[in-house]
Amino acid sequence: MPPKDLVVFIEPHRGDSQRLAYAVALAKRWQAHLIATFVTQPLALNPHAAFAVGAALSTMLADYRDDAAAAQARARSEFDHLVGQRSFTGEWRVSDDETGEALMLHARHASLAILGPPARRNTQTTALGLAERMIFASGRPCLLVPDSWSPERIASRIVVGWNGGREATRAIADAMPLLIAAEAVHLVVVPDTRIQALYGEDPGADMAAHLARQGASVVLEQRRGEDAGAVLLERCEAIDADMLVVGAMGRSRISEFILGGATRTILERAGLPVLLSR
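Residues numbered from 1 in each chain as written. Predicted model: local features only at pLDDT ≥ 70, side-chain atom pairs only at ≥ 80, totals over all residues. Heavy atoms only, no water.

Draft legend 1. Structural detail: the side chain of Ser-138. Its place among the elements puts Ser-138 in the loop between helix 4 (130–137) and strand 5 (142–144). For Ser-138, a relative accessible area of 2% corresponds to the buried category. Separated by 3.2 Å, the side chain of Ser-138 and the backbone nitrogen of Arg-140 make a polar contact. When neighbours within four sequence positions are excluded, Ser-138 is seen to be in contact with Met-104, Ala-107, Arg-108 and Arg-133. (Helix = DSSP H or I, 4+ residues; strand = E, 2+ residues; numbered from the N terminus. Buried < 20%, exposed > 50% of the residue type's maximum accessible area, 1.4 Å probe, protein only. Polar contact = N/O pair within 3.5 Å; in protein donor to acceptor, adjacent residues only side chain to side chain. Contact = heavy atoms within 4.5 Å.)

Draft legend 2. Main features of the environment of Met-243. Tracing the chain through its elements places Met-243 in strand 9 (residues 243–247). Classification of Met-243 as buried rests on a relative accessible area of 0%. Separated by 90 residues in sequence, Met-243 and Arg-153 place their C-alpha atoms 9.0 Å apart. For Met-243, the residues in contact, after removing those within four places along its chain, are Tyr-22, Leu-143, Ala-155, Arg-157, Ile-158, Val-159, Leu-178, Leu-272, Pro-273 and Leu-275.

Draft legend 3. Quick look at the pairing of strand 2 (residues 33–40). Across the eight residues that make up strand 2, a large majority, seven, are buried. Relative to strand 3 (residues 90–96), strand 2 is paired through seven bridges, and the arrangement is parallel. Directly across from Leu-34, in strand 3, lies its bridge partner Gly-90. (Pairing = 2+ DSSP bridges.)

Draft legend 4. A look at the sheet that holds strand 2. In space, the ten strands of this open sheet follow the order 3-2-1-4-5-12-9-6-7-8, with mixed pairing throughout. Strands with a single pairing partner mark the edges of an open sheet, and in this sheet they are strand 3 and strand 8 (218–222). For this sheet the average axis-to-axis angle between neighbouring strands, irrespective of direction, equals 20°. Bridge analysis of strand 5 against strand 12 (residues 274–277) gives three bridges, and the strand direction is antiparallel. Note on strand 12: the bridge partner recorded for Leu-144 is Val-274. On the sheet, helix 1 (residues 17–30) packs against strand 1 (5–10), strand 2, strand 4 (112–115), strand 5 and strand 9 and is oriented at approximately 175° with respect to strand 1. (Axes fitted to C-alpha atoms, helices over the stretch in contact; angles between N-to-C directions.)

Draft legend 5. Molecular detail of the packing of helix 3 (residues 100–108) against helix 4. Between helix 3 and helix 4, the least distance of the axes is 10 Å, while the angle of their chain directions is 70°. In terms of axis orientation, helix 3 runs roughly perpendicular to helix 4. Contacts between helix 3 and helix 4 involve Leu-103, Met-104, Ala-107 and Arg-108 from the first element and Leu-130, Arg-133, Met-134 and Ala-137 from the second. Taken together, the residues of the contact of helix 3 with helix 4 break down into six nonpolar, no polar and two charged. (Parallel < 35°, antiparallel > 145°, perpendicular 65-115°, else oblique. Nonpolar A, V, L, I, M, F, W, Y, C, P; charged D, E, K, R; others polar.)

Draft legend 6. View of the pairing of strand 12. Residues of strand 12 alternate between two faces, with Val-274 and Leu-276 on one and Leu-275 and Ser-277 on the opposite face, all of them buried. Strand direction decides the pairing type here: strand 9 and strand 12, joined by four bridges, are parallel. The partner of Val-246 across the bridge, within strand 12, is Leu-276.

Draft legend 7. Spotlight on helix 1. Between its first and last C-alpha, helix 1 extends 20 Å over 14 residues, near the 20 Å set by a 1.5 Å rise per residue. For helix 1, every residue scored as buried is listed here: Arg-19, Leu-20, Ala-21, Tyr-22, Ala-23, Val-24, Leu-26, Ala-27 and Trp-30. Note on helix 1: the residue one or two positions beyond its end, Gln-31, has a positive phi of about 55°. (Expected span 1.5 Å × (residues − 1).)

Draft legend 8. A look at helix 9 (residues 228–239). In this model helix 9 runs 17 Å from its N-terminal to its C-terminal C-alpha over twelve residues, within 8% of the 16 Å that 1.5 Å per residue would give. Within helix 9 the residues assigned to the buried category are Gly-229, Ala-230, Val-231, Leu-232, Leu-233, Arg-235, Cys-236 and Ile-239. Directly after helix 9, the chain includes Asp-240, whose backbone phi takes a positive value near 55°.

Draft legend 9. Seen up close, the packing of aromatic side chains. Considering all chains together, one arrives at two aromatic pairs under this definition. When the ring of Phe-79 is compared with that of Trp-92, the centres are 5.7 Å apart and the planes differ by 45°; the resulting orientation is tilted. With Phe-79 in helix 2 (residues 54–83) and Trp-92 in strand 3, the pair connects residues that are 13 residues apart, well separated along the chain. Neither residue differs from the other here; Phe-79 and Trp-92 are each classed as buried. Taken together, the ring pairs in this structure connect Phe-38, Phe-79 and Trp-92 into an aromatic cluster. (Phe/Tyr/Trp six-rings, centres within 6.5 Å; stacked < 30°, edge-to-face > 60°.)

Draft legend 10. Inspection of the pattern of salt bridges at higher detail. Inspection of every chain in the model, using the stated rule, returns 13 salt bridges. For Arg-153, the salt bridge is made with Asp-242, and the minimal N-O distance between the two is 2.8 Å. On the criterion of sequence distance, the pair formed by Arg-153 in the loop between strand 5 and strand 6 (157–161) and Asp-242 in the loop between helix 9 and strand 9 is long-range, its members being 89 residues apart. The exposure class assigned to Arg-153 is partly exposed, which follows from its relative accessible area of 27%. The buried category is assigned to Asp-242, whose relative accessible area is 3%. (Salt bridge = Lys/Arg side-chain N within 4 Å of Asp/Glu carboxyl O.)

Spelled out as structure tokens, the structure:
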């Protein structure tokens, strides 16, 4: 059954127009309720905030509020324009300085969270971005859409990474409405010792049969390589895929961000929408 509610997260100064249009196209396809959540970054996360004192601090606060209000007004206007006179319902929210569990609730009360790709971090101590936090703490599938991705390209050709693990299984289940509707689904296995010990010489055959029974047009592929993430991205490029579906390996905590190798490669290099679950 297609999702009946989606949430798209909008961040100031991230170029969210294409992502918002992508979310609207998905909501129209599924006749789903679309929630747009505008997320203002807490001022404490601004790397320059700690150095402002006295009059400089007052000026920074005023500029921050003005910039946030202007960005929010632009995004709200665009949302209203895109959703107006559509056949589905829409809802506008503002997440003002929310962090942790309060922010996660916007995703937990929807079937799918749509976000931008992870922002580049300048140092290893930079706070986690919204995309990383949602992937590892929301408990919901997260669809990361590049800022420049066309809303006309929605999951016609999908690459699915399969390693037999829990996260990959969850990602396939979460993506099932997209997989069933796609013209072609490439189930890609990068065999290693663990996978072959578990599944023998033909890993992925059972999952391919499962997808076929659901109605997906699936092709099973085995691809060799040391970095599974790089192999998956190369396959996406080769077939001009519209989406990559993978399980997210790793863990996040307030003080650290640790990713499995394949997930790290995908988040750093993907140039197409990526649906991740864990």
